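Coordinate analysis (summary)
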Amino acid sequence: MDELLPCNNFNRKIIHLDMDAFYASVEIHDDPTIANKAVIIGQDPRQSNGHGVVATANYLARKYGVRSAMTTMQALRLVPAEKLVFIKPNFEKYRRVSDKIHQLMYEITDAIESVALDEAYMDVTTNKMGNFSALELATNLQKNIYRETGLTSSFGVSYNKYLAKMGSEYAKPFGRTVILPDDALEFIASQKIEKFPGIGVKMQEQLHELQIYTGADLQKQNIKFLLDRFNKAGYIIAQQAKGIDLRPVISKRPRKSLGLEHTFDVNIYDYDKLLTWLRNYSCELAQKLRTLNLQTRTVVIKLRTADFITITRRSALAVATTDAMTIYQHAKSSLEDEIDCVSGGVRLLGLSATDFEQKSYETLSLDLF
Ligand SMILES: [Mg+2]
């Protein structure tokens, strides 16, 4: 029956990195006086008419039975009042920390698939660091994240995504799990089906009805039976039971440039009018950069003349910026350099920013190298 399954690929090296109780850990790091409390990220239901859900709970709160996505009202009943702290989520703060962590990941590889602010897959089969094992890379990353942010994380290393993910869950918090190809089937056999990322709550119940409780039970199943019974989900599970997951790590490359442009209905001959456009572009670009937490090092203007010749002119900045006035001044001097073109009429004017730096980047030390 195995011929129904694709060939396995053991050649990749995948890390799944997951921050431990991320939002709660960020808040505790900022306010150590709550370290011994059950910290719940979510609005205090006593101040929000009983509304709200738990975004994250720290490990102490979890000991009392608090879980993500339960209502804050339920959480309130589970934890003794003197132990309980509700904190309203501050996603901007968590994003800043997440950016820092991502910068550390990008030191290793660009093949990063972020699943959430606190969770990502990395394909380190080839990487920027040279001759280190995936375990060494992941261990170093975990240490560097702790040093830079004071936060703990867990990772799983394996030859595919779902095993790496099961690995990072396996020994949380501050976990390190490696699942080598030779050990994969045994590891899978030992896991409860609740641990498989491909099995939702409904499928768990159906599998339990079939007396399937563990990976070992799954491995004994006829693949065709799983296929017929659960269709596509059954096929995924059949593959996972055999340690197969060929999904690639899909990296969303960081943004390379950010730009605005406008084609005019009639050719513009008025230099001051073009400057007004540049000034407005500069303000809008600066705003966008700040929203994305990026700074630009190069400003580029684009001109299309009345006879459809397109000209771009780059201007490098001495220091990275998000400042509208600085961007405008560079754009303006670039336009001055092209004054001859302007006098012939301008059809299109554009302004873009490129060569980005992450704003938090400058605070990082680069002793990874
Ligand atoms: Mg997490």
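Conventions we followed
- Residues numbered from 1 in each chain as written.
- Predicted model: local features only at pLDDT ≥ 70, side-chain atom pairs only at ≥ 80, totals over all residues.
- Heavy atoms only, no water.
- UniProt positions renumbered as here; feature names shortened; annotations may be inferred.
- 1 Å grid on protein atoms, 1.4 Å probe; cavity = no way out; pocket = protein on both sides within 12 Å on 5 of 7 lines; lining within 4 Å.
- Helix = DSSP H or I, 4+ residues; strand = E, 2+ residues; numbered from the N terminus.
- Contact = heavy atoms within 4.5 Å.
- Buried < 20%, exposed > 50% of the residue type's maximum accessible area, 1.4 Å probe, protein only.

The name given to the protein in an unreviewed UniProt entry is DNA polymerase IV, with the source organism recorded as Lactobacillus iners DSM 13335. For the record of the protein, the UniProt heading Catalytic activity (unreviewed entry) holds the text "DNA(n) + a 2'-deoxyribonucleoside 5'-triphosphate = DNA(n+1) + diphosphate". On record in UniProt, under Subcellular location (unreviewed entry), the comment for the protein is "Cytoplasm".

Under the feature "binding site: Mg(2+)" (unreviewed entry), the UniProt entry names Asp 18 and Asp 118. Annotated residues spanning 101 residues; largest pairwise C-alpha distance 5.8 Å, indicating a single compact cluster. In this structure, the second largest pocket is lined, among the annotated residues mentioned, by Asp 18 and Asp 118. With respect to the helices and strands, Asp 18 occurs in strand β1 (residues 14–19). Residue contacts for Asp 18: discarding those within four places in its chain leaves Asp 118, Glu 119, Ser 153, Ser 154, Ser 168, Glu 169 and Lys 172. With respect to the helices and strands, the residue Asp 118 is situated in the loop between β5 (112–116) and β6 (119–123). With a relative accessible area of 19%, Asp 118 lands in the buried category.

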